[in-house]
Amino acid sequence: MSDSQIAQAADIRRTFAIISHPDAGKTTITEKLLLFGNAIQMAGSVKSKRADRHATSDWMKMEQERGISVTTSVMQFPYKGRMVNLLDTPGHEDFSEDTYRTLTAVDSALMVIDGAKGVEERTVKLMEVCRLRTTPILTFINKMDRETRDPVEVMDEVETVLNIQCAPMTWPIGVGKGFKGVYHFYTDEIHLYKQGQGSRIPDDVRIKGLDSPEAIEVLGEDLVEELSMEVELVRGASHEFDLAAYRRGELTPVYFGTAMGNFGVREMLDGFVEYAPPPQPRDTDTREVTAHDERFTGFVFKIQANMDPKHRDRVAFLRVCSGKYEKNMKMRHVRINKDVKIPDALTFMAADRSHVEEAWPGDIIGLHNHGTIQIGDTFTIGEDMRFTGIPHFAPELFKRVRLKDPLKMKALQKGLQQLSEEGATQVFQPFDNNDLIVGAVGTLQFDVVAHRLKEEYKVECMYEAVNVKTARWIYCDDIKMLEDFKRKASTNLAYDGGGCLTYIAPTRVNLQLTQERWPDITFLATREH
Ligand code: G4P
């Protein structure tokens, strides 16, 4: 395997996720992207596949009823000489931790905004996360087939609320019922919208020249005149596209369209594969890893238990950062310092999956996990190093779990342990009693855990209030001091599912006082794996 083969494979990969507020159109746009990638034949199949899965799992039914998408899947498709990896993220805010970690595994993001609603709250939060790693953002303003707000106003809002410059790439011609298509600023072409082509790859009808005779013939003189003035105005008042500024996360190219009508999506996707960055370098505790590096490396950003109820397995999602995965290869599982043979890594295609023969930088592979893999784990071919920057947030909500059938304790422990590996909830076992405490970032997690315990582990449980307000992971180099702390603070100490020492505080004041009393002990609100 030569360096250049790895470099070539890496350079054509584009790995991204969609950030948006629920209902802005993420699912719809995902489906249209798969259509363009020839990964599905007809729009509607993603949703019907979802429906099949729901039929096999009550948990999924709950997801459907609540209108949330809990699972993350990875979709790969080729487009115009590139290999695109789209990492789906859960829409509901109670699963935001999962989304944050997924964003650590991408090289850029697509921000979908509802043209009628503008910048919404979830988008603001997700954008903050993208900022932490200066992830480049491409913007799609959706639902132009509806009565939207003035596009200039929406762009202004993106600039001021999200603090990023906007460079319009296309411009809408009319809105709502009068939506006729988009004008492309950089090719000087009008792309015409025709209704009723939402479930297939739409015809690509273009007219060269904003005020060409053909444009006047199709759009009418008045509309062309109005459009020309508007385009002039917008050109003068907005930013010009600047690739370097986009790659630095300072400027976002903006496209308009309708995901439902499958229009404007092609223009956006063409821009995406042209401008979005290939696999980017990543930091570890010893060196920077670049995608052209021949040595295989990767990190786990997500774990999903019982992903397919028929298989009842646990899958760890690994982002390949450098080198090449080959079937049957041996990898070093750095945290446990062990070489493991991986004969059967998975790739994902919407709800389907298959075994993968090889994978390259930017690709995501699924590793079967038998309890040894945790979120944040690094895999190499022998090198002792760890990728940094994959956060694990301290839960804010806590409940004690009580069994309906006390004889099911073992199954309960196993279930809670495995579900906590996914990272959305955490389980704590206090030093001083036999309680099991579940911590979560959002309330919905508790329902999901109870539901999944019943469905997947055949354990019925109830929740009770518990006197814990917040948790902090404990670190201290001084073993003697740590032992002293463990003795004196034992009533508020627990081990989490990963075996890490945790302080579970009954009040924030208690936490503060304890921190003051033990200045040499570190109390961390996020745990980096
Ligand atoms: P999400 O994943 O971001 O939550 O959004 P999703 O794609 O599910 O879209 C939310 C709703 O917005 C859906 O309607 C969808 O059909 C609609 N939608 C998406 N893109 C467009 C668009 O370009 N124009 C218009 N007019 N609507 C759009 P729904 O009624 O909730 O679901 P459905 O019954 O249509 O599937």
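Everything numeric here is computed off the predicted structure, so don't read it as measured data.

1. Section: the pairing of strand β7 (residues 170–173)
Then, in step 1: Residue alternation in β7 divides its side chains into two sets, T170 and P172 and W171 and I173, and both sets are buried.
Then, in step 2: Where β7 lies against strand β8 (residues 181–184), 4 bridges are found, and the strand directions are antiparallel. Across the sheet, residue W171 finds its bridge partner in β8, namely Y183.

2. Looking at the site of the ligand
Then, in step 1: Among the 15 residues in the neighbourhood of the ligand, the closest are listed as D23, K26, T27, T28 and T258.
Then, in step 2: Take G25: an N or O atom from its main chain is 2.9 Å from an oxygen atom of the ligand.
Then, in step 3: Within the side chain of R146, a nitrogen or oxygen atom sits 3.2 Å from a nitrogen atom of the ligand.
Then, in step 4: Computed on the free molecule, the ligand has an accessible area of 700 Å², of which 68% lies beneath the protein chains in the complex.
Then, in step 5: Counting residues per element, the shell around the ligand draws most heavily on helix α2 (residues 26–36), at 3 residues.
Then, in step 6: Here the residues of the shell around the ligand sort into 4 nonpolar, 5 polar and 6 charged.

3. Some words on the layout of surface pockets
Sizing a probe to match a water molecule and rolling it over the atoms shows the empty space that remains.
Then, in step 1: Here the second largest pocket is characterised by a volume of approximately 520 Å³.
Then, in step 2: Lining the second largest pocket are 26 residues; nearest its centre among them are T104, L132, R133, T135 and R282.
Then, in step 3: Put simply, the parts of the chain that give the lining of the second largest pocket at least two residues each are α5 (96–103), α6 (121–132) and β12 (282–283).
Then, in step 4: Ranked by residues supplied to the lining of the second largest pocket, first place goes to α6 with 3 residues.
Then, in step 5: Each residue belonging to the lining of the second largest pocket can be placed in one class, and the counts come to 14 nonpolar, 6 polar and 6 charged.
Then, in step 6: Residue contributions to the lining of the second largest pocket reach at least three from each of two domains, namely domain 1 (18–62 + 107–275) and domain 2 (282–380).

4. Some words on the sheet that holds strand β10 (residues 206–208)
Adjacent strands of a sheet pair through backbone hydrogen bonds, lying either parallel or antiparallel.
Then, in step 1: The strand order β7-β8-β9-β10 describes an open sheet built from 4 strands, whose pairing is antiparallel. Each end of this open sheet is capped by a strand with a single partner; those strands are β7 and β10. Direction aside, the axes of adjacent strands within the sheet are offset by 25 degrees on average.
Then, in step 2: Bridge analysis of β8 against strand β9 (residues 189–192) gives 4 bridges, and the strand direction is antiparallel. When the sheet's bridge partners are listed, Y183 is paired in β9 with I190.

5. Overview of the sheet that holds strand β27 (residues 461–465)
Then, in step 1: Strand order in this open sheet of 8 strands is β27-β24-β26-β25-β29-β30-β28-β31, and the pairing throughout is antiparallel. Edge strands, defined here as strands with exactly one partner in the open sheet, are β27 and β31 (522–524). The sheet shows a mean angle of 40 degrees between the axes of neighbouring strands, taken without regard to direction.
Then, in step 2: For strand β29 (residues 493–496) and strand β30 (residues 501–505), the ladder comprises 3 bridges, and the chain directions are antiparallel. Across the sheet, residue L493 finds its bridge partner in β30, namely Y503.
Then, in step 3: Where helix α12 (residues 409–421) meets the sheet, its contacts fall on β24 (397–403), β25 (425–430) and β26 (437–440), and the angle it forms with β25 comes to roughly 135 degrees.

6. Side note on unusual backbone geometry
Then, in step 1: Not every positive phi belongs to a glycine, and K143 is a case in point at roughly 65 degrees.
Then, in step 2: For K143, the position within the fold is in the loop between β5 (137–142) and α7 (151–162).
Then, in step 3: Exposure remark for K143: the relative accessible area of 16% places this residue in the buried category.

7. Details of empty space enclosed by the protein
Then, in step 1: Applying the stated rule across the entire model yields 2 cavities of 30 Å³ or more.
Then, in step 2: Along the walls of the second largest cavity sit H191, L192, P202, D203, D204, V205, F263, G264, R266 and E267, which together make up its complete lining.
Then, in step 3: Only β9 and α11 (265–275) provide two or more residues apiece to the lining of the second largest cavity.
Then, in step 4: Residue composition of the lining of the second largest cavity, grouped by class: 4 nonpolar, 2 polar and 4 charged.

8. Some words on the packing of aromatic side chains
Then, in step 1: The tally for this structure, following the rule as stated, stands at 19 aromatic pairs.
Then, in step 2: Between W171 and F256 the ring centres are 5.1 Å apart and the planes differ by 70 degrees, which places this aromatic pair in the edge-to-face class. Highlighted residues: W171 in strand β7 and F256 in strand β11 (residues 251–256), separated in sequence by 85 residues. Of the two residues, W171 and F256, both sit in the buried class.
Then, in step 3: Arranged with centres 5.9 Å apart and planes meeting at 80 degrees, the rings of Y503 and F523 form a pair that is edge-to-face. In this pair, Y503 is assigned in strand β30 and F523 in strand β31, connecting sequence segments 20 residues apart. In terms of burial, Y503 and F523 fall into one category: buried.
Then, in step 4: Three or more aromatic residues link up through ring pairs in this structure, and these residues are W171, Y183, F185 and F256.
Then, in step 5: Above the face of the F446 ring, K399 is positioned so that its terminal group lies 4.6 Å from the ring centre.
Then, in step 6: Positioned above the aromatic ring of Y463 is the side chain of K399, whose terminal nitrogen or guanidinium carbon lies 5.7 Å from the ring centre.

9. A word on the confidence of the model for the chain
Then, in step 1: For the chain, the mean per-residue pLDDT works out to 88, and 89% of the residues sit at or above 70.
Then, in step 2: Counting interchain partners and residues more than four positions distant, the pLDDT-below-50 stretch residues 47–60 has 25 contacts.
Then, in step 3: Ignoring residues within four places in sequence, the model shows residues 62–72, a span with pLDDT below 50, making 35 contacts including any to other chains.
Then, in step 4: In the predicted complex, the global pTM is 0.82; the interface-specific ipTM is 0.97.

About the thresholds
Residues numbered from 1 in each chain as written. Predicted model: local features only at pLDDT ≥ 70, side-chain atom pairs only at ≥ 80, totals over all residues. Heavy atoms only, no water. Buried < 20%, exposed > 50% of the residue type's maximum accessible area, 1.4 Å probe, protein only. Helix = DSSP H or I, 4+ residues; strand = E, 2+ residues; numbered from the N terminus. Pairing = 2+ DSSP bridges. Near = heavy atom within 4 Å. Polar contact = N/O pair within 3.5 Å; in protein donor to acceptor, adjacent residues only side chain to side chain. Areas by Shrake-Rupley, 256 points an atom, 1.4 Å probe, with all protein chains shown as cover. Nonpolar A, V, L, I, M, F, W, Y, C, P; charged D, E, K, R; others polar. 1 Å grid on protein atoms, 1.4 Å probe; cavity = no way out; pocket = protein on both sides within 12 Å on 5 of 7 lines; lining within 4 Å. Points joined across faces, edges and corners; volume = space filled by probe spheres on them. Domains from an automatic or database assignment. Axes fitted to C-alpha atoms, helices over the stretch in contact; angles between N-to-C directions. Contact = heavy atoms within 4.5 Å. Phe/Tyr/Trp six-rings, centres within 6.5 Å; stacked < 30°, edge-to-face > 60°. Lys NZ or Arg CZ within 6 Å of the ring centre and 35° of its normal. pLDDT = per-residue confidence, 0-100.

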